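Observations on the model geometry
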Amino acid sequence: MKYAFEEAWNVFSYPFFRLLRLAHEIHTQNFDEQSVQISDILSVKTGGCSEDCAYCAQSVRNGVKMPKQPMLDPETVLAAAREAKGRGAGRFCMSASGPRPSSEDEFEKICEMVRSVKAVGLETCVTLGSLTEAQAAKLKESGLDYYNHNVDTSPEFYPRVTSTRTIEDRIRTIEIVQQAGINVCSGGIVGMGETNEDRVKMLVLLANLTIPPRCVPLNKLVKIPGARADDSKPIDDFDFVRLIALARILMPKSYVKIAAGRNTLSESTQALCLFAGVNALFSSEKLLTVDNIKDNADADFFRRLNLKIESPLL
Ligand code: SAM
Ligand code: SF4
């Protein structure tokens, strides 16, 4: 084990500016501090999921009235990827609802999407739930760069979030993906009633993986009316910045990304997050089923902070 919880908790609890100074120093040793990686994301199959993830609009068990959308055609996805590239994205993420790829035919379509998006000159990422070794090998062969599979929260809090899968199942898929030679994108959600201790435990779990995730997305819970997740204790902005700083310190070489809920953070808080170690963002107007950033708002934000967009490392 690389990190003990107590050690990480001690760092998380440092005086705020000392924590930021340490995180920023590690950030600049490993990355260009003025550079940010930009992704776009598209839901290629939406709703109708049998799992009971408490936060999710796509679970049939949450009673959310969301129209089900079957798997999109690869041509539709390719057109969206071209548009994303035109807006400056370097990576295109494709997300499918469900616990795992549901049929051979669907899985083939996903592989076709990966091949064509890669051919456009974008890094590719998919999130499809659990995978077998054969599926991971097939995705690698198709040109997949990243697989997103979030651990979502601490092992202790996990059963409060989902009962239809375990955090050990998630870790098993992460290992399968890494063994196939695909980068892993794995992080979690904050603001579901978990404590700061749970949040730190989640980062310790990720940092202690044999290979830490190449990308660590942190989502702030977006409350979906009807979904079970308890949003009554949203995370304090400074605690969110602390969490980012800790992610940067524990995983110095990983991209740290703000995913859902960025639109609830002021620009000043986002700037603090970038100083503390964030170097990846989603720029799309939608993040799957929820709103993200208004068209072009980022161009102005990046200009005022002298940020440049990282080109894909293809
Ligand atoms: N079905 C796949 C799975 O479960 O791995 C992938 C899709 S899932 C929608 C992708 C991720 O989006 C989740 O792991 C979760 O971290 C994030 N997410 C989903 N709904 C969210 C919400 N309401 N607020 C914040 N993050 C959310
Ligand atoms: Fe289904 Fe994934 Fe949503 Fe869980 S997070 S309910 S597995 S779509």
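Only a predicted model underlies this, so the values are computations on that prediction, with no experimental measurement involved.

What follows is about the overall build of the chain. Of the regular secondary structure elements, the chain holds 11 helices and 12 strands. Taking 2.2 N^0.38 as the reference for a compact globule, 314 residues should give roughly 20 Å; the C-alpha atoms of the chain span a radius of gyration of 18 Å, in line with that estimate. Split into buried and exposed, the 314 residues of the chain put 58% on the buried side. Restricting to contacts in the chain with at least 6 residues of sequence separation, those with at least 24 account for 76%. As displayed, the chain offers around 13,400 Å² of accessible surface, 53% of which is attributable to carbon and sulfur atoms. For the chain, the separation between the mean place of its 38 positive charges and that of its 40 negative charges on side chains is 1 Å.

Further remarks concern the packing of aromatic side chains. Evaluation of the coordinates by the stated rule reveals six aromatic pairs. A centroid spacing of 5.5 Å and a plane angle of 75° characterise the contact between Phe16 and Phe17, whose relative ring orientation is edge-to-face. Using a relative accessible area of 14% as the deciding quantity, one classes Phe16 as buried. Members of the aromatic cluster, each reached through a chain of ring pairs, are Phe5, Trp9 and Phe12. The aromatic ring of Phe282 is capped on one face by Lys257, whose charged end is 4.0 Å from the ring centroid.

As a structural note, the neighbourhood of ligand 1 is formed by 19 residues, with Tyr55, Asn150, Asp152, Arg170 and Val222 the closest of them. Between Asn150 and ligand 1, the recorded distance is 2.9 Å, taken from a side-chain N or O atom to an oxygen atom. The separation between an oxygen atom of ligand 1 and a polar side-chain atom of Asp152 is 3.0 Å. Surface burial for ligand 1 is 91%, taken as the share of its 560 Å² of free accessible area covered by protein chains. Listing elements by their share of the shell around ligand 1, those giving two or more residues are strand E2 (91-96) and strand E7 (215-220). Of the residues assigned to the shell around ligand 1, the class counts are eight nonpolar, seven polar and four charged.

Another point: helix H8 (residues 196-207). The first and last C-alpha atoms of H8 sit 17 Å apart over 12 residues, in line with the 16 Å expected at 1.5 Å per residue. Counting buried residues in H8 gives 10 out of 12 residues, a clear majority hidden from the surface. Along H8, the positions that sit buried rather than exposed are Asn196, Asp198, Arg199, Val200, Met202, Leu203, Val204, Leu205, Leu206 and Ala207. Buried residues in H8 make contact with helix H1 (5-12), helix H7 (167-179), strand E6 (188-190), E7 and helix H9 (237-250).

Another aspect to go through is the nonpolar core. Within the largest apolar cluster, 79 residues are counted, with the highest numbers of intra-cluster contacts made by Leu139 and Leu203. Sort the elements by how many residues they give to this core and H9 lands first, with nine residues. One finds Val64, Ala260, Ala280 and Val290 within the second-largest nonpolar core, a separate group that totals 18 residues.

Moving on: the packing of helix H2 (residues 16-30) against helix H10 (residues 267-276). Look at H2 against H10: their axes get within 7 Å of each other, and the N-to-C directions meet at 55°. One finds that H2 runs oblique with respect to H10. Here H2 contributes Phe16, Leu20, Ala23, His24 and His27 to the contact with H10, which in turn contributes Leu272, Leu274, Phe275 and Ala276. Grouping the constituent residues of the contact of H2 with H10 by class yields seven nonpolar, two polar and no charged.

Take the pairing of E7 next. Counting buried positions along E7 yields six of six residues, so the element is predominantly enclosed. Residues Cys215, Pro217 and Asn219 line one face of E7 and the alternating positions Val216, Leu218 and Lys220 line the opposite face, and both faces are buried. The sheet contact formed by E6 and E7 spans three bridges and is parallel. The residue of E7 that forms the bridge with Gly188 is Leu218. The parallel pair E6 and E7 is bridged by H8, and the resulting crossover is right-handed. Two strands pair when backbone bridges link them, and E7 and strand E8 (residues 255-258) are joined in this way by four bridges, in the parallel orientation. If you follow Cys215 over to E8, its bridge partner there is Tyr255.

Attention shifts here to the pairing of E8. Both faces of E8 are covered, namely the face carrying Tyr255 and Lys257 and the face carrying Val256 and Ile258. Chirality of the crossover, the property in question, places the unit of E7, H9 and E8 among those that are right-handed. The pairing of E8 with strand E9 (residues 280-282) spans two bridges and is parallel. Opposite Lys257, over in E9, you have Ala280 as the bridge partner. Crossover connection from E8 via H10 to parallel E9: handedness right-handed.

Thresholds applied
- Residues numbered from 1 in each chain as written.
- Chains lettered and ligands numbered in written order.
- Predicted model: local features only at pLDDT ≥ 70, side-chain atom pairs only at ≥ 80, totals over all residues.
- Heavy atoms only, no water.
- Helix = DSSP H or I, 4+ residues; strand = E, 2+ residues; numbered from the N terminus.
- Rg over C-alpha atoms; globule rule 2.2 N^0.38 Å.
- Buried < 20%, exposed > 50% of the residue type's maximum accessible area, 1.4 Å probe, protein only.
- Contact = heavy atoms within 4.5 Å.
- Areas by Shrake-Rupley, 256 points an atom, 1.4 Å probe, with all protein chains shown as cover.
- Lys, Arg positive; Asp, Glu negative; His and termini not counted.
- Charge placed at Lys NZ, Arg CZ, Asp CG, Glu CD.
- Phe/Tyr/Trp six-rings, centres within 6.5 Å; stacked < 30°, edge-to-face > 60°.
- Lys NZ or Arg CZ within 6 Å of the ring centre and 35° of its normal.
- Near = heavy atom within 4 Å.
- Polar contact = N/O pair within 3.5 Å; in protein donor to acceptor, adjacent residues only side chain to side chain.
- Nonpolar A, V, L, I, M, F, W, Y, C, P; charged D, E, K, R; others polar.
- Expected span 1.5 Å × (residues − 1).
- Core = buried A, V, L, I, M, F, W, Y, C linked by side-chain atoms within 4.5 Å.
- Axes fitted to C-alpha atoms, helices over the stretch in contact; angles between N-to-C directions.
- Parallel < 35°, antiparallel > 145°, perpendicular 65-115°, else oblique.
- Pairing = 2+ DSSP bridges.
- Right-handed = clockwise from strand over helix to strand, strands pointing away.

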